[in-house]
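Geometric and topological summary
Residues per chain are reported as follows:
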Amino acid sequence: QVQLVESGGGLVQAGGSLRLSCEASGFTFSSYGMYWVRQAPGKGLELVSYITSGGFRTGYADSVKGRFTISRDNAKNTLYLEMNGLKPEDTALYYCAKQCASVVRTTQDCVDWGQGTQVTVSS
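Everything numeric in this text was worked out from a predicted model, so none of it was measured.

A few words on the sheet that holds strand β1 (residues 3-7). The sheet built from four strands is open, its strands ordered β1-β3-β8-β7 with antiparallel pairing. Looking at strand neighbours, the two that pair on one side only are β1 and β7 (68-73), the edges of this open sheet. On average, each strand axis in the sheet is tilted by 15 degrees relative to the strand beside it, whichever way the strands run. Of the strand pairs in this sheet, β1 and strand β3 (residues 18-25) are connected by five bridges, and their pairing is antiparallel. Within β3, the position partnered with Gln 3 by the bridge is Ser 25.

As structure tokens, this is what we get:
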């Protein structure tokens, strides 16, 4: 079965950096576009970034553009999110997801989800 396991979250001061990883198994990773979705406390889901199956095209939410970089290593079945210049408003549970709609509002907008990794940015 599909498994998506995130890691790399933690507590960091504003302006700091973190690198999230998502190890995928149970499907042909290189055949699918992948996504990072976050949920801040008391708020809805936000599609943060996506990357196409071959890694040649990426997209970002305006809120993270210029600070976050998505990448993937298809040989290692792993998705990454490099986060720089972190702000307190980036505090959220970050999910790796597969087969998402262009707009993510509910968990049904993606077919598969990881369990999430918590990112907390202190001011």
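Looking at the element boundaries, Gly 10 is found in strand β2 (residues 10-13). Each C-alpha atom of the pair Gly 10 and Ser 122 lies 11 Å from the other, and the pair is 112 residues apart in sequence.

Moving on: the environment of Gln 1. Checked against the element boundaries, Gln 1 lands in the segment before β1. By relative accessible area, which is 74% here, Gln 1 ends up exposed. Taking the C-alpha atoms as reference, Gln 1 lies 20 Å from Asp 73; in sequence the two are 72 residues apart.

Turning our attention to the side chain of Ser 21. On the secondary structure map, Ser 21 appears in strand β3. Those residues within four positions of Ser 21 in sequence are excluded, and the remaining contacts are Val 5, Glu 6, Ser 7, Trp 36, Thr 78, Leu 79 and Tyr 80.

This part covers the pairing of strand β4 (residues 34-39). Burial analysis of β4 places five of its six residues in the buried class, the great majority of the element. Of the pairings in the sheet, the one linking β4 to strand β9 (residues 92-100) comprises six bridges and is antiparallel in character. Residue pairing across strands places Trp 36 opposite Cys 96, the latter belonging to β9.

Glancing now at the nonpolar core. Ranked by internal contacts, the top residues of the largest apolar core, which has 26 residues, are Met 34, Trp 36, Phe 68, Leu 79, Leu 81, Met 83 and Tyr 94. For this core, the secondary-structure elements that each account for two or more residues are β3, β4, β5 (45-51), β7, β8 (78-83), β9 and β11 (117-122). Among the elements that take part in this core, β3 stands out by supplying four residues, more than any other. With sequence-adjacent residues up to four places away left out, Leu 79 is seen in contact with Leu 20, Ser 21, Cys 22, Phe 29, Met 34, Tyr 35, Trp 36, Ile 51, Ile 70, Ser 71, Arg 72 and Cys 96. Among the nonpolar cores identified, the runner-up in size contains eight residues, and Tyr 35, Val 37, Leu 45 and Leu 47 belong to it.

One pass over the full model with this rule turns up two disulfides. Across the disulfide from Cys 22 sits Cys 96; the S-S distance is 2.1 Å. Where Cys 22 bonds to Cys 96 through sulfur, the torsion about that S-S bond is close to -70 degrees, and the disulfide is left-handed. Of this pair, Cys 22 sits in strand β3 while Cys 96 sits in strand β9; the two residues are 74 residues apart in sequence, bridging distant segments of the chain. For the pair Cys 22 and Cys 96, a shared accessibility class is recorded, and that class is buried.

With that settled, the discussion passes to the packing of aromatic side chains. The final tally for this structure, using the stated rule, is four aromatic pairs. Between Phe 27 and Tyr 32 the ring centres are 5.6 Å apart and the planes differ by 80 degrees, which places this aromatic pair in the edge-to-face class. Since its relative accessible area comes to 15%, Phe 27 is described here as buried. Judged by its relative accessible area of 29%, Tyr 32 is partly exposed. Considering the side-chain rings of Tyr 35 and Tyr 50, the 6.4 Å spacing of their centres and the 40 degrees angle between planes classify their relative orientation as tilted. One end of the pair, Tyr 35, is in strand β4; the other, Tyr 50, is in strand β5, with 15 residues separating them in the sequence. Look at Tyr 50 and you get partly exposed, because its relative accessible area is 29%. Among the aromatic side chains, those forming a connected cluster through ring pairs are Phe 27, Phe 29 and Tyr 32.

Calculation rules
Residues numbered from 1 in each chain as written. Predicted model: local features only at pLDDT ≥ 70, side-chain atom pairs only at ≥ 80, totals over all residues. Heavy atoms only, no water. Pairing = 2+ DSSP bridges. Helix = DSSP H or I, 4+ residues; strand = E, 2+ residues; numbered from the N terminus. Axes fitted to C-alpha atoms, helices over the stretch in contact; angles between N-to-C directions. Buried < 20%, exposed > 50% of the residue type's maximum accessible area, 1.4 Å probe, protein only. Contact = heavy atoms within 4.5 Å. Core = buried A, V, L, I, M, F, W, Y, C linked by side-chain atoms within 4.5 Å. Disulfide = S-S within 2.5 Å. Phe/Tyr/Trp six-rings, centres within 6.5 Å; stacked < 30°, edge-to-face > 60°.

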